[in-house]
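# Inside the fold
Read off the chains here:
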Amino acid sequence: DIQLTQSPSTLSASVGDRVTITCRASQTIYRWLAWYQQKPGKAPKVLISDASSLESGVPSRFSGSGSGTEFTLTISSLQADDFATYYCQQYSTDSSFGGGTKVE
Amino acid sequence: QLLESGGDLVQPGGSLRLSCAASGFAFSTYAMSWVRQTPGKRPEWVSAISSNGRSTYYADSVRGRFTISRDNSKNTLYLQLNSLRAEDTAVYSCAKVPTTDVLWFDPWGQGTLVTVSS
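Notes on the structure in this doc start here.

Conventions used here
Residues numbered from 1 in each chain as written. Chains lettered and ligands numbered in written order. Predicted model: local features only at pLDDT ≥ 70, side-chain atom pairs only at ≥ 80, totals over all residues. Heavy atoms only, no water. Helix = DSSP H or I, 4+ residues; strand = E, 2+ residues; numbered from the N terminus. Buried < 20%, exposed > 50% of the residue type's maximum accessible area, 1.4 Å probe, protein only. Areas by Shrake-Rupley, 256 points an atom, 1.4 Å probe, with all protein chains shown as cover. Pairing = 2+ DSSP bridges. Axes fitted to C-alpha atoms, helices over the stretch in contact; angles between N-to-C directions. Disulfide = S-S within 2.5 Å. Contact = heavy atoms within 4.5 Å. Buried area = accessible area lost by both parts, 1.4 Å probe. Salt bridge = Lys/Arg side-chain N within 4 Å of Asp/Glu carboxyl O. Polar contact = N/O pair within 3.5 Å; in protein donor to acceptor, adjacent residues only side chain to side chain.

### Things to note about the overall build of chain A
When helices and strands are tallied, chain A shows 0 helices and 11 strands. Overall, chain A shows an N-to-C arrangement of helices and strands of β-β-β-β-β-β-β-β-β-β-β. Here the C-alpha coordinates of chain A stretch approximately 35 × 25 × 25 Å along the principal axes. Taking all 104 residues of chain A together, 49% fall into the buried category. Surface summary for chain A: the accessible area is close to 4700 Å², and the carbon and sulfur share equals 45%.

Structure representation (structure tokens):
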């Protein structure tokens, strides 16, 4: 099974900050990685697929990069609506999720 | 666009059938999937099915106990849960996926709660 490790698990930030979340895979997943945002009581919403493809309707302040085993999600200027938990997910072999990063 | 139902409290070893009613897109042309999540924990992929229903895939944790199916005439996805265990307790959501080889999930339904307890 492919394990995904996210860091940090919790991140304290302020509106306007640049925020970076890292996701490391236990083996290469090429670019088969998605990022999700989840707010309390809601289903996750996909932000990015294929490591760096921004999904329709997602603000351009979100970006993804990386390949192989190391990936990052960057929020260029944190907005009030961005306080949430973020998950990475690999789909190279079946599917698995990282442990999440809570942005507070 | 995706509305799950069928979740309930069930005893260990029991069975349950979940449904997911789809609307607003061409259901019969998309692969579909089930994902589960326990509050405060990471999501876990459970199962996927091709657009025509002929190909099915399962996570190791549920293979042999759960069965995914679909009825394209009713725009509905199903998950039959058998031999339930306490660790199957979760909110089960259905989601649309690009293909059964490309399992990223968009959108997700709000989910239905399955609780396995005596």
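### Overview of the sheet that holds strand β1 (residues 2-5) of chain B
Residues and elements named next belong to chain B. In spatial order, the strands read β1-β3-β8-β7; together these 4 strands make up an open sheet with antiparallel pairing. Bordering the open sheet on either side are β1 and β7 (66-71), each of which pairs with just one other strand. Sheet twist, expressed as the average angle between the axes of neighbouring strands with direction ignored, equals 15 degrees. Direction of pairing for β7 relative to strand β8 (residues 76-81): antiparallel, over a ladder of 6 bridges. Residue pairing across strands places arginine 70 opposite leucine 77, the latter belonging to β8.

### Quick look at the state of the cysteines
Residues and elements named next belong to chain A. Applying the stated criterion to the full structure yields 2 disulfides over all chains. A sulfur-sulfur separation of 2.1 Å characterises the disulfide bridge that pairs cysteine 23 with cysteine 88. The disulfide joining cysteine 23 to cysteine 88 has a torsion of about 75 degrees about its S-S bond and is therefore right-handed. Residue cysteine 23 is found in strand β3 (residues 19-25), and its partner cysteine 88 is found in strand β9 (residues 85-90); the two are separated by 65 residues along the sequence. When its relative accessible area of 0% is taken as the criterion, cysteine 23 is described as buried. Assessed through its relative accessible area of 0%, cysteine 88 is described here as buried.

### Observations regarding the pairing of strand β10 (residues 112-116) of chain B
Residues and elements named next belong to chain B. What you see with β10 is a clean split: Thr112, Val114 and Val116 sit on the buried side and Leu113 and Thr115 on the side with no burial. In this structure, strand β2 (residues 9-10) lies alongside β10, joined through 2 bridges in parallel fashion. Bridge assignment links valine 10 to a residue of β10, and that residue is valine 116. Bridge count for strand β9 (residues 90-97) against β10 is 3 bridges, and the pairing is antiparallel.

### Description of the interface of chain B and chain A
One frequent convention defines the size of an interface as the accessible area lost when the parts assemble. With 17 residues of chain B at the interface, the matching set in chain A holds 20 residues. Taken together, the two surfaces of chain B and chain A that pack against each other cover about 1500 Å², and 57% of this comes from carbon and sulfur. When residues of chain B are sorted by the area they lose upon contact with chain A, Arg42, Trp104 and Trp108 of chain B head the list and together hold 38% of the total. Linking chain B to chain A there are 0 salt bridges. Summed over the shared surface of chain B and chain A, the number is 7 residue pairs in polar contact (both at pLDDT 80 or more). Secondary-structure elements contributing two or more residues to the side of chain B that touches chain A are β4 (31-37) and β5 (44-49) of chain B.

So, to be careful, I would describe these as geometric facts and stop short of saying anything about function.
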